[in-house]
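In case you want the letters, here they are:
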Amino acid sequence: MTVVHATKSKPVGTRNCEDDARHLRPDGQDQYTISEVADFTGLSAHTLRWYERIGLMPHVDRSHTGQRRFSNRDLDWLAFVGKLRLTGMPVADMVAYAEMVRAGDQTYPDRQALLESTRLGVLRRIAELQDTLTVLDSKIATYAGPRPAPVERTGT
């Protein structure tokens, strides 16, 4: 049986999702082309356009020629979406979350509930992976221990 311990505190030594994205950006810049954002995030331009089309991205500004111009705030959002993807959250739930954000502060309880549910799923997966790691460590220890002497075969 796997027991999942749910805590509300942030573990010591952890970082915010914004920490990962901020160190990649040029200082003082707040407008990025789609290719720059693709380089920063590892997402393809196609995926970025798809995120915008399905409502996962907030409105992205455009230049006078119609080219997308992403902001640091957009990069922060994409970093967060990347973390949600790592949790295994379905795209439909991510879009619903994005819609709640756009709807305003009155959706805080619903957003909190969605994130808490997702967090419990992550904790369950971590516990499963810990159990798996224990099994692997046991097997590795077995192979690292003393080995039986090879059996000599004699021909008759």
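The structure this text deals with has already been given above.
Because the structure is predicted, anything quoted here is derived from the model rather than measured.

Caption draft 1: Quick peek at the overall build of the protein. Of the regular secondary structure elements, the protein holds 6 helices and 2 strands. Listing the helices and strands of the protein from first to last along the sequence gives α-α-α-β-β-α-α-α. A burial count over the protein gives 26% of its 156 residues as buried. Carbon and sulfur atoms make up 55% of the accessible area of the protein, which amounts to about 11400 Å² in all.

Caption draft 2: Just helix H4 (residues 72–87), in detail. The end-to-end C-alpha distance of H4, which contains 16 residues, comes to 23 Å, matching closely the 22 Å that a straight helix rising 1.5 Å per residue would cover. Along H4, the positions that sit buried rather than exposed are Asp74, Leu75, Asp76, Trp77, Leu78, Ala79, Phe80, Val81 and Leu84. Trailing H4 by a residue or two, glycine 88 shows a phi angle of about 90°, which is positive.

Caption draft 3: Quick peek at the pattern of salt bridges. Here the structure, examined in full by the defined rule, presents 2 salt bridges. In this structure, glutamate 52 and arginine 62 form a salt bridge, with 3.9 Å as the shortest nitrogen-oxygen distance. Taken together, the residues glutamate 52 in helix H3 (residues 45–54) and arginine 62 in strand S1 (residues 61–62) connect sequence positions 10 residues apart. Linking arginine 68 and glutamate 52 is a salt bridge whose minimum nitrogen-to-oxygen distance equals 2.5 Å. Here the residue arginine 68 occupies a position in strand S2 (residues 68–69), and glutamate 52 occupies one in helix H3, the gap between them amounting to 16 residues. Of the two residues, arginine 68 and glutamate 52, neither departs from the other in class, the shared state being buried. Counted as one network, the salt bridges with shared partners bring together Glu52, Arg62 and Arg68.

Caption draft 4: Here's a closer look at the packing of aromatic side chains. Using the criterion set out here, one finds 5 aromatic pairs in the structure. Seen from their ring centres, tryptophan 50 and tyrosine 51 are 5.8 Å apart, and the 45° between their planes marks the pair as tilted. According to the relative accessible area criterion, tryptophan 50 is partly exposed, its value standing at 33%. Between tryptophan 77 and tyrosine 97, the aromatic rings sit 6.2 Å apart at their centres with planes inclined by 15°, giving stacked as the arrangement. Of the two residues, tryptophan 77 is situated in helix H4 and tyrosine 97 in helix H5 (residues 91–103); the sequence distance between them amounts to 20 residues. In this structure, tryptophan 77 and tyrosine 97 share a single accessibility class: buried.

Caption draft 5: Region of the structure containing the environment of alanine 92. By the secondary structure assignment, alanine 92 is in helix H5. On the basis of relative accessibility, which here comes to 57%, the residue alanine 92 falls in the exposed class. It is 9.3 Å that separates the C-alpha atoms of alanine 92 and isoleucine 54, two residues lying 38 residues apart in sequence.

Caption draft 6: Molecular detail of the nonpolar core. In this structure, Leu48, Phe70 and Leu78 are the most contacted members of the largest nonpolar core, which totals 24 residues. Those elements giving two or more residues to this core turn out to be helix H2 (34–41), H3, H4 and H5. With 6 residues, H4 is the largest single contributor of residues to this core. If we ignore the near neighbours within four places in the chain, the residues touching phenylalanine 70 are Asp30, Gln31, Tyr32, Thr33, Ile34, Val37, Leu48, Met57 and Val60.

Conventions and cut-offs
- Residues numbered from 1 in each chain as written.
- Predicted model: local features only at pLDDT ≥ 70, side-chain atom pairs only at ≥ 80, totals over all residues.
- Heavy atoms only, no water.
- Helix = DSSP H or I, 4+ residues; strand = E, 2+ residues; numbered from the N terminus.
- Buried < 20%, exposed > 50% of the residue type's maximum accessible area, 1.4 Å probe, protein only.
- Areas by Shrake-Rupley, 256 points an atom, 1.4 Å probe, with all protein chains shown as cover.
- Expected span 1.5 Å × (residues − 1).
- Salt bridge = Lys/Arg side-chain N within 4 Å of Asp/Glu carboxyl O.
- Phe/Tyr/Trp six-rings, centres within 6.5 Å; stacked < 30°, edge-to-face > 60°.
- Core = buried A, V, L, I, M, F, W, Y, C linked by side-chain atoms within 4.5 Å.
- Contact = heavy atoms within 4.5 Å.

What is shown is where atoms sit, not what they do.
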